[in-house]
Amino acid sequence: VKYSVTSGLTFDATFNTDFAQVEVDDQQINMDRFNLFFPEKRPFFLENAGAFSVNNAGPASGRNLGQTELFFSRRIGISDAGTPVPITAGARLSGKVSDSLTVGFLNMQTKGVDGVMSANNFTVARLRQDLPNRSSVGGLFVNRQATGTLGQMGDYNRTYAVDGRWGIGQNGIVQGFAGRTETPGRLGRDHALSLSGTYDSEAWRIITGYQENGEDFNPEVGFVRRTGFRKYDLGINNTSRPEGILKFQEFTPHMSFSRFWNFDGVMETTYLHTHFQGEFEDSSSMGVAYDARSERVFDEFSVSGIRIPPSRYDWSELSYSFYHNRAAPISAGFRATVGGFFGGDIVTLRPTIRARYGELLNFSLSYSRNDIDLPFGSTITNLTSVRAAYNFSPRLFLQTLLQHNDSAELWSVNFRFGWLQDANTGFFLVYNE
């Protein structure tokens, strides 16, 4: 149920919520020892999601090696293993109270699932006051509380945060947040800090930042890729429009650097990324990238069943990419990476094909192959995805997503038929396996 309280403030309520019509996740293969991030796709949580976001510019590097989200809606209704958790009911009030004050309030109740988790109540409250020149200040509170017969005393998790954003002139921004979590039984450093500065002009974008996450920082209704680190980022991006150089219409060279230390001052990760990319007049693009990386592994982990023992690993890699004009009826792209990998070597190939027939048919085929050769074994992983959509009319469509992940020995298919009407009314027929 949706109700417009004012022109800028919306109230949503839901009961016995079902998300069957939402497209399934794209499969991923974990090539590292940290958490994978799967984006939110459920419309109920995507609507007005900006009202709950905290000022966090993210890293300067191309890879979000230290990604931290203080509130991540996928923690509601989905277990850590990806198991659906039934949602009993929920309500949300979000939007602008005035021209400068944004509010977000969310409360959701989930059912318990035997062997997975107890019933939980989730509360999220967010305020943001906009100030002149792209500036703002705000606060966030997140609470998960176990309820029902399976809930235990002391089974809760809370996140507190304040954040700010300050515009400097026409091109500068400084932003960041400070937060902490409260988890029974965790008595170590439970804080997170982030501060970044960005200079953004027509030709140049420069970003630098510092972040640290305590080893016991634990936002259970958020997302944390890694904890127990201090990190420094630096990134420089340039955009130029040359004239008469091999039909290039734009060059976008950039470089970035990230370094992580633990709280004992020991380097954990160093990542240097340099990338030269150009776009042609027909919107095709090509690029060459060189990455240098150092990793200090303290605890053994595995990649596709091959163990990576504790040690320090240093390697570099070269990547090449070319993508044909994506606006053309048929387009193709290719990306190849060759280099070292945790004491061994890796070759990654990622070809893609896209085709469309007017507004009726869209088709894409993507394939990713990793040929991994390490001191303790070798393996080849293959991940294939076929996506197709046929629109009988703007209101009537068929969509399917077929995926094969041999690393997980998994075939999956998602088939959706949709018949839409006015005011977000619609009928869906969905098959998943």
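Preceding this section is the structure that the text describes.
Residues numbered from 1 in each chain as written. Predicted model: local features only at pLDDT ≥ 70, side-chain atom pairs only at ≥ 80, totals over all residues. Heavy atoms only, no water.

Draft legend 1. Looking closely at the packing of aromatic side chains. One pass over the full model with this rule turns up 17 aromatic pairs. Seen from their ring centres, Phe-248 and Phe-251 are 4.8 Å apart, and the 50° between their planes marks the pair as tilted. With relative accessibility at 10%, the residue Phe-248 sits in the buried group. When its relative accessible area of 13% is taken as the criterion, Phe-251 is described as buried. Ring geometry for Trp-315 versus Phe-342: centroids 4.8 Å apart, planes at 50°, classification tilted. Residue Trp-315 is located in strand 20 (residues 311–323), and its partner Phe-342 is located in the loop between strand 21 (330–341) and strand 22 (344–357); the two are separated by 27 residues in the primary sequence. A relative accessible area of 10% places Trp-315 in the buried class. (Phe/Tyr/Trp six-rings, centres within 6.5 Å; stacked < 30°, edge-to-face > 60°. Buried < 20%, exposed > 50% of the residue type's maximum accessible area, 1.4 Å probe, protein only. Helix = DSSP H or I, 4+ residues; strand = E, 2+ residues; numbered from the N terminus.)

Draft legend 2. Structural detail: a nonpolar patch on the surface. On the surface, Tyr-357, Leu-360, Leu-361, Tyr-390 and Phe-392 cluster together into a nonpolar patch covering about 480 Å² of accessible area. Here Tyr-357 is to be found in strand 22. (Patch = residues over 30% accessible without salt bridge, like charges linked within 9 Å, V, L, I, M, F, W, Y side chains within 5 Å. Areas by Shrake-Rupley, 256 points an atom, 1.4 Å probe, with all protein chains shown as cover. Salt bridge = Lys/Arg side-chain N within 4 Å of Asp/Glu carboxyl O.)

Draft legend 3. The nonpolar core, seen in detail. Counting 23 residues, the largest nonpolar core has Phe-45, Phe-71, Ile-76, Leu-106, Met-108 and Leu-140 as the members making the most contacts within it. Elements with a minimum of two residues in this core: helix 1 (43–46), strand 5 (101–110), strand 6 (119–131) and strand 7 (135–147). Listed in part, the 12 residues of the second largest apolar core include Val-297, Ile-308, Trp-315 and Ile-372. (Core = buried A, V, L, I, M, F, W, Y, C linked by side-chain atoms within 4.5 Å.)

Functional significance is not addressed by these values, which are geometric in nature.
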